[in-house]
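Observations on the model geometry
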Amino acid sequence: MGKLMPLQMHGFKLGGTPLENALEEGDVVHLETHLDETNYAPAVPTYVYEEGVTSLEDLADRSEKFEYTYYGFKAGNDGNEIMIEAFENDTYGLGEWDIMESNEAAMIADVEQKIENEEWVVFSGWEPHYMNVIFDMEYLDDPKGIWGEGEQVGTIARPKLRRMTIHN
């Protein structure tokens, strides 16, 4: 079973994420890491970055330009949960913000339209992903570390499958 493991490997909530808990309990095992150098974090178009929005700390002062909206992936996504928690706790002064949750294709289309109109937008960026090719974008710094570190892409499996693979 392949699994993208950016934030899922690093339990940011008390008790850990479901994946972290499954790994700790031995329900699944990590077989292999395919990519060590990945990035999953809030991003902005380069024209916004060049206007001084280089960090999550810079968003609150420009909330109106962003229409108090963060564009994320589908509901329940770890990145969305991090931002929702930031809004609820007023982290980085984002207490008045909201999230626009949608599937990947819809989020990409929304961001693309904003960029075509040179509007300000902040969204969940993922590298490697084709969004890094179609958008001229930059990832924001996270001085408080709410997004964590050490993203990777790897393969996990049930322990029995691992034994079957090793012994065959």
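Read on for an overview of the structure. As the structure is a computational prediction, the values presented were derived from the model and not from experiment.

This part takes up the sheet that holds strand E6 (residues 122-127). Strand order in the open sheet formed by five strands is E5-E4-E6-E3-E7, and the pairing between neighbours is mixed. The open sheet is flanked by strand E5 (98-101) and strand E7 (137-139), the only strands paired with a single partner. Averaged over all pairs of adjacent strands, the angle between their axes in this sheet comes to 40°, without regard to strand direction. Bridge count between strand E3 (residues 39-45) and E6: five bridges; the pairing is antiparallel. Counterpart to Pro42 in the pairing with E6 is Ser124. Contacts from helix H3 (residues 78-88) reach E3, strand E4 (69-72), E5 and E6 within the one sheet, and its direction differs from that of E5 by about 160°.

The next subject is the pairing of E4. Of the two faces of E4, the one holding Thr69 and Tyr71 and the one holding Tyr70 and Gly72 are both buried throughout. Both E4 and E5 contribute to a ladder of four bridges, which runs parallel. Its bridge partner being in E5, Tyr70 is matched across the sheet by Ile99. By the bridge criterion, two bridges tie E4 to E6 in an arrangement that is parallel. Following the sheet pairing, Tyr70 is matched in E6 by Val122.

Attention now goes to the nonpolar core. The biggest cluster of nonpolar side chains holds 33 residues, and the ones touching the most others in it are Leu59, Phe66 and Phe123. Taken together, the elements giving at least two residues each to this core come down to E3, E4, H3, helix H4 (104-116), E6 and E7. Top element by residues in this core is E3. It accounts for four residues. With residues near it in sequence (within four places) discarded, Phe66 still touches Val44, Val48, Val53, Leu59, Trp97, Trp120, Val121 and Val122.

In this model, H4 (13 residues) spans 18 Å end to end at C-alpha, consistent with the 18 Å of a helix rising 1.5 Å per residue. In this structure Asn103 caps H4, since a side-chain oxygen of it lies 3.1 Å from the backbone nitrogen of Ala105. Positive backbone phi, at 55°, marks Glu118, one or two positions downstream of H4.

In this section: the side chain of Ser102. Note on placement: Ser102 falls in the loop between E5 and H4. Only 3.3 Å separates the side chain of Ser102 from the backbone nitrogen of Met107, close enough to count as a polar contact. Ignoring anything within four residues of it in the chain, the contact list for Ser102 reads Gly72, Phe73, Lys74, Met107 and Asp110.

The full count for this structure, using the stated rule, is two salt bridges. A salt bridge links Glu67 to Lys114; the shortest N-O distance between them is 3.2 Å. Residue Glu67 is located in the loop between helix H2 (46-49) and E4, and its partner Lys114 is located in helix H4; the two are separated by 47 residues in the primary sequence. One salt bridge in this structure joins Glu119 and Lys114, with 3.2 Å as the shortest N-O distance. Relative accessible area serves as the criterion here: at 11%, Lys114 is assigned to the buried category. Salt bridges sharing common partners tie together Glu67, Lys114 and Glu119.

Time to look at the packing of aromatic side chains. Under the defined criterion, the tally for this structure stands at seven aromatic pairs. Relative to Trp97, the ring of Phe66 has its centre 5.7 Å away and its plane inclined at 45°; by these criteria the two rings are tilted. You can see Phe66 sitting in the loop between H2 and E4 and its partner Trp97 sitting in the loop between H3 and E5, a full 31 residues away along the chain. Of the two residues examined, Phe66 and Trp97, each falls in the buried class. Centroid distance Phe123 to Phe135: 6.1 Å. Interplanar angle 70°. Geometry classified as edge-to-face. Taken as a pair, Phe123 in strand E6 and Phe135 in the loop between helix H5 (131-134) and E7 lie far apart in primary sequence, 12 residues in all. Following the ring pairs from residue to residue traces out a cluster consisting of Tyr40, Phe73, Trp126 and Trp147. Geometry around Tyr92 places Lys144 over its ring, the cationic atom sitting 4.9 Å from the centre.

What counts and what doesn't
Residues numbered from 1 in each chain as written. Predicted model: local features only at pLDDT ≥ 70, side-chain atom pairs only at ≥ 80, totals over all residues. Heavy atoms only, no water. Pairing = 2+ DSSP bridges. Helix = DSSP H or I, 4+ residues; strand = E, 2+ residues; numbered from the N terminus. Axes fitted to C-alpha atoms, helices over the stretch in contact; angles between N-to-C directions. Contact = heavy atoms within 4.5 Å. Buried < 20%, exposed > 50% of the residue type's maximum accessible area, 1.4 Å probe, protein only. Core = buried A, V, L, I, M, F, W, Y, C linked by side-chain atoms within 4.5 Å. Expected span 1.5 Å × (residues − 1). Polar contact = N/O pair within 3.5 Å; in protein donor to acceptor, adjacent residues only side chain to side chain. Salt bridge = Lys/Arg side-chain N within 4 Å of Asp/Glu carboxyl O. Phe/Tyr/Trp six-rings, centres within 6.5 Å; stacked < 30°, edge-to-face > 60°. Lys NZ or Arg CZ within 6 Å of the ring centre and 35° of its normal.

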